[in-house]
Amino acid sequence: MSLLSVIVPCYNEEESVALFYQELTKNDPFFKEKEIELELLYIDDGSKDGTVREVKKLIEQDSRVHIVSFSRNFGKEAAMFAGLEKSKGDYVVMMDVDLQDPPSLLPEMFEWIWQGYDSVATRRVTRKGEPPIRSFFARRFYHLMKKISQTEMMDGARDYRLMTRQMVDAILSMREYNRFTKGIFGWVGFKTKWLEYENVERAKGETKWNFWKLLVYSLDGITAFSTA
Ligand code: UDP
Ligand code: MG
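All of these numbers come straight from a predicted model, not from anything done at the bench.

Draft legend 1. Just the site of ligand 1, in detail. Lining the immediate environment of ligand 1, one finds 18 residues, of which Glu13, Asp45, Gln100, Thr207 and Lys208 sit closest. Here an oxygen atom of ligand 1 and a backbone polar atom of Tyr11 are 2.9 Å apart. Separating an oxygen atom of ligand 1 from a side-chain N or O atom of Gln100 is a distance of 2.7 Å. Contact with the protein chains covers 94% of the free accessible surface of ligand 1, which is 530 Å². Split by residue class, the shell around ligand 1 holds five nonpolar, four polar and nine charged.

Right, dumping it as structure tokens:
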């Protein structure tokens, strides 16, 4: 038996919590066949809606579900870090709750891990459905990072990534305050397989990012991963 920790940051996602659970557990036959146990960690990033209530409902019906709840909104980076710290799995995967990171990719991701990769990362090859202005700035950001940073950062890279415990421990050893996980993932090295998929639109609710938050976030990326 091996343990898989699924880390899911949630900020005001009451509509998505149960939907995500339904989609993820469609993999249960696969997990069973491959003798993978599941630990599902919802990280509530200071939600003001019924997110915690929805997670607690799931906890009552399935002992594999757990919650970490923040006192206020700290941002997705902090939520991901808390999830990594809490996770006990031999494998750890990071996923958005809005189903933009399709849980159906997990079996394929595991195949690559079993072939000897330390991590399987994902990137979107299209930004279909995204506001054009956001795509424009995102592309500029990755273009700039390619020029000024030594760390590999793929355009369209998601935080959706399956990792071995060894890699997770390396990430946890980096105790930066202004975290930019997309950079840290690349910086720690390890053998990474990239999977590509078409953009999937958010199942329910709205994006938690606005232009300002994304700008500040991209500055974290630039200051942390370049000498510029
Ligand atoms: N999220 C979070 N804290 C925040 C903002 C977002 O935990 O302050 C979570 C959110 O609930 C979702 C994931 O991070 O599971 C990605 O957020 P979102 O879908 O809004 O981002 P986008 O897909 O538009 O980049
Ligand atoms: Mg999203």
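Draft legend 2. Up close: the environment of Lys208. Its location among the elements puts Lys208 in the loop between strand 7 (192-197) and helix 9 (211-224). Judged by relative accessible area, which is 24%, Lys208 ranks as partly exposed. Expressed as a C-alpha distance, the spacing of Lys208 and Met109, which sit 99 residues apart in the sequence, is 27 Å. The residues contacting Lys208, other than those within four sequence positions of it, are Tyr11, Asn12, Glu13, Arg202 and Lys213.

Draft legend 3. Fine view of the pairing of strand 2 (residues 36-44). Within strand 2, eight of the nine residues are buried, which leaves the element mostly enclosed by the surrounding structure. In terms of strand pairing, strand 1 (residues 2-10) meets strand 2 through nine bridges, oriented parallel. Its bridge partner lying in strand 2, Leu3 is registered against Glu37. Across five bridges, strand 2 lies against strand 3 (residues 65-69) in parallel orientation. When the bridges of strand 3 are listed, Leu40 appears paired with Val65. Handedness of the crossover is the feature at issue here: the chain leaves strand 2, passes through helix 3 (residues 51-61), returns alongside strand 3, and the resulting connection is right-handed.

The rules behind these values
Residues numbered from 1 in each chain as written. Chains lettered and ligands numbered in written order. Predicted model: local features only at pLDDT ≥ 70, side-chain atom pairs only at ≥ 80, totals over all residues. Heavy atoms only, no water. Near = heavy atom within 4 Å. Polar contact = N/O pair within 3.5 Å; in protein donor to acceptor, adjacent residues only side chain to side chain. Areas by Shrake-Rupley, 256 points an atom, 1.4 Å probe, with all protein chains shown as cover. Nonpolar A, V, L, I, M, F, W, Y, C, P; charged D, E, K, R; others polar. Helix = DSSP H or I, 4+ residues; strand = E, 2+ residues; numbered from the N terminus. Buried < 20%, exposed > 50% of the residue type's maximum accessible area, 1.4 Å probe, protein only. Contact = heavy atoms within 4.5 Å. Pairing = 2+ DSSP bridges. Right-handed = clockwise from strand over helix to strand, strands pointing away.

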